[in-house]
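# Tertiary structure, described
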Number of protein chains: 2
Amino acid sequence: MSKFDVPYKIYLDEKDIPSSWYNVRADMKNKPAPLIHPATLKPLSFEEMRPIFCDELIRQELDDTTPYIRIPNEIQNFYKMYRPSPLVHAVYLEELLGTPAHIFYKFEGNNTSGSHKLNSAIAQAYYAKKQGLKGVTTETGAGQWGTALAMACSFFQLECKVYMVKVSYEQKPFRREVMRTYGASVTPSPSMDTKIGRKINADHPNTTGSLGCAISEAVEVATSTDGYRYVLGSVLNQVLLHQSVIGLETKAACEKYGIKPDIIIGCAGGGSNLGGLISPFMGEKLRGEADYQFIAVEPASCPSFTRGKFAYDFCDTGKVCPMAKMYTLGHDFIPSANHAGGLRYHGMSSILSQLYHDGMMEARAVEQTSVFEAAEMFARVEGILPAPESSHAIRVAIDEALKCKETGEEKTIIMGLTGTGYFDMTAYEKYNDGTMTDYIPTDEDLAKGFATIPNVSL
Amino acid sequence: MSKFDVPYKIYLDEKDIPSSWYNVRADMKNKPAPLIHPATLKPLSFEEMRPIFCDELIRQELDDTTPYIRIPNEIQNFYKMYRPSPLVHAVYLEELLGTPAHIFYKFEGNNTSGSHKLNSAIAQAYYAKKQGLKGVTTETGAGQWGTALAMACSFFQLECKVYMVKVSYEQKPFRREVMRTYGASVTPSPSMDTKIGRKINADHPNTTGSLGCAISEAVEVATSTDGYRYVLGSVLNQVLLHQSVIGLETKAACEKYGIKPDIIIGCAGGGSNLGGLISPFMGEKLRGEADYQFIAVEPASCPSFTRGKFAYDFCDTGKVCPMAKMYTLGHDFIPSANHAGGLRYHGMSSILSQLYHDGMMEARAVEQTSVFEAAEMFARVEGILPAPESSHAIRVAIDEALKCKETGEEKTIIMGLTGTGYFDMTAYEKYNDGTMTDYIPTDEDLAKGFATIPNVSL
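Residues numbered from 1 in each chain as written. Chains lettered and ligands numbered in written order. Predicted model: local features only at pLDDT ≥ 70, side-chain atom pairs only at ≥ 80, totals over all residues. Heavy atoms only, no water.

A count of helices and strands for chain A gives 18 helices and 15 strands. The C-alpha radius of gyration computed for chain A amounts to 20 Å, which stays within 12% of the reference 23 Å derived for 458 residues, consistent with globular compactness. The principal-axis extents of the C-alpha atoms in chain A amount to approximately 60 × 50 × 45 Å. Residues classed as buried in chain A amount to 67% of the 458 residues present. Pairs at least 24 residues apart make up 77% of the contacts formed inside chain A by residues separated by at least 6 positions. For chain A, the exposed surface amounts to about 14,600 Å²; the carbon and sulfur share of it is 49%. Taking the average place of the 45 positive charges on the side chains of chain A and the average place of its 54 negative ones, the gap between the two points comes to 4 Å. (Helix = DSSP H or I, 4+ residues; strand = E, 2+ residues; numbered from the N terminus. Rg over C-alpha atoms; globule rule 2.2 N^0.38 Å. Buried < 20%, exposed > 50% of the residue type's maximum accessible area, 1.4 Å probe, protein only. Contact = heavy atoms within 4.5 Å. Areas by Shrake-Rupley, 256 points an atom, 1.4 Å probe, with all protein chains shown as cover. Lys, Arg positive; Asp, Glu negative; His and termini not counted. Charge placed at Lys NZ, Arg CZ, Asp CG, Glu CD.)

Cis geometry marks the peptide bond from R83 of chain A to P84 of chain A, where omega comes out at -5°. Among the secondary structure elements, P84 of chain A is positioned in the loop between α3 (73-79) and β4 (87-89). The omega angle of the peptide bond from S189 of chain B to P190 of chain B is 5°, so this bond is cis rather than trans. You can see P190 of chain B is positioned in the loop between β8 (185-189) and α9 (195-203).

As a further point, take empty space enclosed by the protein. Summed over the entire model, instances satisfying the criterion amount to 14 cavities of 30 Å³ or more. Quantified by volume, the largest cavity comes out at close to 440 Å³. Taken together, 42 residues make up the lining of the largest cavity; nearest its centre are Y11, F107 and N110 of chain A together with F107 and N110 of chain B. (1 Å grid on protein atoms, 1.4 Å probe; cavity = no way out; pocket = protein on both sides within 12 Å on 5 of 7 lines; lining within 4 Å. Points joined across faces, edges and corners; volume = space filled by probe spheres on them.)

What follows covers the side chain of S301 of chain B. Residue and element names in this part refer to chain B. Assignment of secondary structure puts S301 in the loop between β11 (293-299) and α13 (304-307). When its relative accessible area of 6% is taken as the criterion, S301 is described as buried. Separated by 2.9 Å, the side chains of S301 and H339 make a polar contact. Contact partners of S301, with chain neighbours within four places excluded, come to F333, P335, H339, Y439 and P441. (Polar contact = N/O pair within 3.5 Å; in protein donor to acceptor, adjacent residues only side chain to side chain.)

Once that is clear, we can look at the pattern of salt bridges. Throughout the structure, instances matching the rule amount to 52 salt bridges over all chains. R50 of chain A serves as the salt-bridge partner of E47 of chain A, at 3.6 Å between the closest nitrogen and oxygen. The partner of E249 of chain B in a salt bridge is R83 of chain B, and the shortest N-O contact between them spans 2.8 Å. Residue E249 of chain B is found in helix α11 (residues 237-257), and its partner R83 of chain B is found in the loop between α3 (73-79) and β4 (87-89); the two are separated by 166 residues along the sequence. Note on accessibility: E249 of chain B and R83 of chain B belong to one class, buried. Shared partners join several salt bridges into a network, and the residues in it are R176, E177 and R180 of chain A together with E429 and D433 of chain B. (Salt bridge = Lys/Arg side-chain N within 4 Å of Asp/Glu carboxyl O.)

Turning to the sheet that holds strand β1 (residues 9-10) of chain B, a few remarks are in order. Strand pairing in a sheet takes place through backbone hydrogen bonds and is either antiparallel or parallel in direction. All names here are of chain B. The sheet built from seven strands is open, its strands ordered β1-β4-β5-β15-β10-β11-β14 with mixed pairing. Each edge of the open sheet is held by one strand with a lone partner, namely β1 and β14 (362-366). Where strand β10 (residues 263-267) and β11 come together, five bridges link them in parallel fashion. Each bridged residue has a counterpart across the sheet, and for I265 the counterpart in β11 is I295. Contacting β10, β11 and β15 (412-417), helix α12 (residues 272-286) runs over the sheet at an angle of about 155° to β10. (Pairing = 2+ DSSP bridges. Axes fitted to C-alpha atoms, helices over the stretch in contact; angles between N-to-C directions.)

Right, let's talk about the interface of chain A and chain B for a bit. In this assembly, 44 residues from chain A lie in contact with 44 residues from chain B. Both sides of the chain A and chain B interface together cover about 4,200 Å² of buried area, and 55% of this is carbon and sulfur. The largest per-residue losses of area from chain A upon contact with chain B belong to F174, T181 and Y422 of chain A, which jointly make up 17% of the total buried on that side. The interface formed by chain A and chain B holds four salt bridges in total. Here chain A is connected to chain B by 20 residue pairs in polar contact (both at pLDDT 80 or more). Within the residue set of the side of chain A that touches chain B, elements represented by two or more residues are α3, α6 (144-156), α8 (173-181), α15 (368-382) and α17 (425-433) of chain A. (Buried area = accessible area lost by both parts, 1.4 Å probe.)

The next thing to look at is the sheet that holds strand β6 (residues 135-140) of chain A. All names here are of chain A. Pairing is parallel across the open sheet formed by four strands, whose spatial order is β8-β7-β6-β9. Unpaired on one side and paired on the other, β8 (185-189) and β9 (228-230) mark the two borders of the sheet. Direction aside, the axes of adjacent strands within the sheet are offset by 25° on average. Relative to β6, α6 is tilted by about 165°, and along the sheet it contacts β6 and β7 (159-165).

Moving on, we come to the relation of the copies chain A and chain B. Taken as rigid bodies, chain A and chain B are interconverted by a rotation of 180° and an axial shift of 0.0 Å, the fit giving an RMSD of 0.0 Å. Both chain copies can therefore be described as sitting about a two-fold axis. When C-alpha positions in chain A are compared against the rotation axis, the closest is assigned to N110 of chain A, at 3.0 Å. Here 100% of the contact residues of chain A are again contact residues in chain B; the copies associate through an equivalent surface. (Least-squares fit on C-alpha atoms with pLDDT ≥ 70 in both.)

All names here are of chain A. Among the six residues of strand β12 (residues 309-314), five are classified as buried, and the element is accordingly described as predominantly covered. Alignment of β12 against strand β13 (residues 323-328), held across six bridges, turns out to be antiparallel. Across the sheet, K309 pairs through a bridge with T328, a residue of β13.

Time to look at the packing of α15 of chain A against helix α16 (residues 388-407) of chain A. All names here are of chain A. The interhelical angle for the contact between α15 and α16, taken along N-to-C directions, is 85°, at an axis separation of 8 Å. As the angle between them shows, α15 and α16 are arranged roughly perpendicular. Together, S370, V371, F372, E373, A374, A375, M377 and F378 of α15 and P388, S391, H392, I394, R395 and I398 of α16 make up the contact between the two elements. For the contact of α15 with α16, the residue count by class is nine nonpolar, three polar and two charged. (Parallel < 35°, antiparallel > 145°, perpendicular 65-115°, else oblique. Nonpolar A, V, L, I, M, F, W, Y, C, P; charged D, E, K, R; others polar.)

Don't take any of this as a statement about function, it's just geometry.
Right, here's the structure in full:
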């Protein structure tokens, strides 16, 4: 296959935007473990979840048998604003590496939220609006989810309160302004606005915040404010369901152009992008129709898959949320402050955790300077400045392509390029100045987090 | 025509990327006046321009007869990385305004430079490389051109020195980091590195800089450094030529979907976007084949078209550049420091100046708070956070659509959406905080600039 046998950039037509989401759980023999109530230790019922989540989203959360769920017209119309997203043949990266591998990336950054997060944000805002709610609360780490949700809420004229991990709030003041431009309120977390925020500030006066802690605050506000619910940008089954548009479009593009991936790579924080990208391919693998190598890439500073425990744990620091069975570093785990990007959640999607546990996928942990090296290499030849999160996938795609160079194998690699790094220039500045450092938690560091994992099973 | 009779977003195919640029000068009876030498006051010859510009670009600058100029394959391949750009039907904006008008926007922001500037940057870098040069210098105002050139130089492995208007350098530190990530050096202008920079700093100790002044510095460095030439992101004929890809694609999309624009609107600083967008349509008008209303939109704080003089003037503050005949506010004119975006050049493309002088197009000046009001309105419904520059066009598109609401006319309006505002959040913050102010120069303010325009004619 020569460089331009397939078009450089594969656009689908508007009619190729999927009309249904794909629910990978329907094809899983070992279903992901259900969310459980921290008091009763029993699976959460629909009724028990209603104070926290929107009704329709709870139905999606609990449904592990329906393979395809129709995307409402309003959401399909919104998708048309920025989808289908392109699948791009990374010809210049291949040339730079001198690899026989074929590298493709599914680029989700061409929308104002700057990432794939909008795919689920618009769905969650739609169901909240449909239920007649007044507003939603959420947390955001790197700020991509908060931006996406602010855009979605603005579109459906819902109120939006965002609790933003303090370190990101400080490093990314412009993210906050984007959210404000879309009418959202943004509070650095832990704040003094909530009971749990005040407690965390008292217990850890120098904390830079964590997603687990911001989640607790957002849930507290949602459950104590009339007409509000809480929404989450990753981890949950419903989010992976919405994000399956990424994988469905990727698969459609592969079929249209006869591309057969050997390896599919995605960065993994809570798992929304990776889960969405691989879902339809994983479905084929689960049904025994095809085989693929799936690689989750996580930061070495927050290694849930590669060094975490597969256990029930709290989803949040303040323990106000349900418990999920997942690969976890313990709900008190907070990555080192030198960690620049997102991907800082202590746990991982239950769906992906089960698939990883069952040996259906692999995981790698990479250090941030090597991630920025890959990012800059990619930016200079492919013309897209990637988000630090996305660059984790680039790092491993490059590593795999270089392996092919050694072995001479012509593997086809697809990676998820989740977003752009325009709001991450503080981190790029550190890398450009040579002052970026790496951090790998010691076993002792991790032991502290593990000690907080409750001894719970169903 | 109902909202979805045409697809919301019109993508062309890769094969619809033009293979030639269109040179509107070939169809102009009154040709734009040539650049003249400030000492001899005679049209600059090819040889006289060679110390400043790349040879092939000089040929393009001087060629006012060839209607189509072939785009080299290397540039066409680079265009494939981010083109064709979508023409989008602004259905949600129409709905919000309740207008019978049909509004479309040609969106040039989906590339890392964040604007249309890349269309010319890659061409100029290509010709510099082909000539065997070591590097290029340039100026940048809002930072979009500098970013685009840094990307283009990185792609062709050329050195890139950028002089950035001081006020933008300070307001947009992250723009600087993007350029550095692409390997460029960035210096705030006026600097102490050049003779002219030192003189301007001495004469105007509190200056926030201007494009005219940054141009002088960049030209001084280019002409005094071996293997370097100077490149410019707007104003010049060659730049409008490269930017004709915008208009050619827009025309192709119109033909594909049977859209017949009544009004075509673009923001105008030096004229690169507007000139590129309207060129092929203007060609039809010049040849008497069709009629369109063209509207240039400029900031009230820098009103070259609406309040400037049509005269020969220096292109730069330091008078080291050739002189051009154009609508100008005087080469010493510097817009008020409260002016947030780009579009701060004292002059205007000679091509557009001639067309405006001949009554082939109109111009409007708008104030920045009304521009940001339009920007936020657009962002919330259309899902794209526009650059302040682009938002000038949005402002007038909205105004025209509201006129249609009054008259009941179903006019079709196309506007150029040149880029995204991700690096302009300082300005958005001011607007969100209610602290943004407007500035309209008094006649006395302008008189000072006019006094510097030399009394020169051919």
